[in-house]
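Listed below, chain by chain, are the residues.
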Amino acid sequence: MRRGIRTTLERIAGVHICGEADTGLETIRRVRLDHPDLVILDLKLAGDDGIAVLRQLRAEFPGINVLIVSLYMHENLVKQAIDLGVRGYVLKADSGDALVRAVAHIRSGLTFFSEELNVNIKNASATRSVGTAGPAFCWPLTVREVEVLRLLSQGNQNKQVAAALGISKRTVDVHRSHLMRKLNASSFSDLIKYALRNNIID
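Remember, it's a predicted structure, so these values are computed and weren't measured experimentally.

Here is what the cut-offs are and how they apply
- Residues numbered from 1 in each chain as written.
- Predicted model: local features only at pLDDT ≥ 70, side-chain atom pairs only at ≥ 80, totals over all residues.
- Heavy atoms only, no water.
- pLDDT = per-residue confidence, 0-100.
- Helix = DSSP H or I, 4+ residues; strand = E, 2+ residues; numbered from the N terminus.
- Contact = heavy atoms within 4.5 Å.
- Buried < 20%, exposed > 50% of the residue type's maximum accessible area, 1.4 Å probe, protein only.
- Pairing = 2+ DSSP bridges.
- Salt bridge = Lys/Arg side-chain N within 4 Å of Asp/Glu carboxyl O.
- Core = buried A, V, L, I, M, F, W, Y, C linked by side-chain atoms within 4.5 Å.
- Axes fitted to C-alpha atoms, helices over the stretch in contact; angles between N-to-C directions.
- Parallel < 35°, antiparallel > 145°, perpendicular 65-115°, else oblique.
- Left-handed = near helix turned anticlockwise from the far one by under 90°.

Attention now goes to the confidence of the model for the protein. Mean pLDDT over the protein: 81, with 84% of residues reaching 70 or higher. The lowest-confidence element of the protein is helix 6 (residues 115–125), averaging 57 in pLDDT; the highest-confidence one is strand 1 (residues 38–41), averaging 94. Low pLDDT, under 50, characterises residues 122–139; the stretch is placed with 36 contacts to residues that sit more than four places away or in other chains.

Another aspect to go through is the pairing of strand 1. Side-chain positions along a regular strand alternate between the two faces of the sheet. Only one face of strand 1 is covered, namely the face carrying Val39 and Leu41; the face carrying Leu38 and Ile40 is uncovered. Relative to strand 4 (residues 65–70), strand 1 runs parallel, the two being bridged by four bridges. In the sheet register, Val39 faces strand 4, and the bridge partner there is Val66.

A separate point is the pattern of salt bridges. Tallied over the full model, the rule gives eleven salt bridges. Across the pair Arg2 and Asp22 runs a salt bridge, and its minimum N-O distance is 2.6 Å. One end of the pair, Arg2, is in helix 1 (residues 2–10); the other, Asp22, is in the loop between helix 1 and helix 2 (24–34), with 20 residues separating them in the sequence. Across the pair Arg32 and Glu60 runs a salt bridge, and its minimum N-O distance is 2.6 Å. Of the two residues, Arg32 sits in helix 2 while Glu60 sits in helix 3 (residues 50–60), which places them 28 residues apart along the sequence. Residue Arg32 is classed as partly exposed on the basis of its relative accessible area of 42%.

Moving on to the nonpolar core. Counting residues in each nonpolar core, the largest one holds 24 residues, and the members touching the most others are Leu41, Leu54, Leu57, Val66, Ile68, Val86 and Tyr89. Of all the secondary structure elements, the ones that give two or more residues to this core are helix 2, strand 1, helix 3, strand 4, helix 4 (75–83) and strand 5 (88–91). Among residues more than four places away in sequence, those in contact with Tyr89 are Leu43, Leu67, Ile68, Ser70, Tyr72, Leu77, Val78, Ala81, Phe112, Phe113, Ser114 and Leu117. If you look at the next biggest cluster of nonpolar residues, it comprises 17 residues, including Val146, Leu183, Leu191 and Tyr194.

Running from N to C, helix 1 and helix 5 (residues 96–107) cross one another at 55 degrees; their axes reach a closest spacing of 10 Å. Considered as vectors, helix 1 and helix 5 are oriented oblique to each other. Crossing geometry of helix 1 relative to helix 5 is assigned as right-handed. Listed contacts from helix 5 to Ile5, Thr8 and Leu9 of helix 1 are Gly96, Leu99, Val100 and Val103.

Remark on secondary structure: sheet strands pair via backbone hydrogen bonds, oriented parallel or antiparallel. The four strands are arranged 1-4-5-6 in an open sheet whose pairing can be described as parallel. Strand pairing shows two members of the sheet lacking a second neighbour, strand 1 and strand 6 (112–113), which therefore form its edges. Along the sheet, helix 5 makes contact with strand 1, strand 4, strand 5 and strand 6, crossing strand 4 at roughly 165 degrees.

And the structure:
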């Protein structure tokens, strides 16, 4: 499986594979040495719990991008991974094209989840409102949307957010509109509640 993933990634322009690992400890060690932009992680490693490895990665390298490639699609497992900030989750049963698209999305600052996972998580969260949503439902937001949400929730005006992120005020307006729609928020206070529940702000 790992050889197949490597072969697929080597065909993507601009992608350089800096290392591989068999175990969780080796994964952490390689990341410390190589400082990759993206870690592709299985949740089943030799003698290790992939979630525990993911938790340590996020603790040591909070800004690192992690893409899960796994056999497992149990809802609780997927939610744990999402809670820990993974940027994507691809099933091993998916085609190589899904992996290529996932990498492309993450390199562009977006997220990517297998269609089957998207359907399952959306169905599970369909009846929940933004006021009751927990960290597991942070997955629809892009990195930029999280940045905008954090700054807005801290009391910044749209103009101030635009200056802080180096984007136009109109772009902030668009992101704010997307946040309201994605999170089913009826007011700005709903966005703040969501940011608090998902540890986006203290």
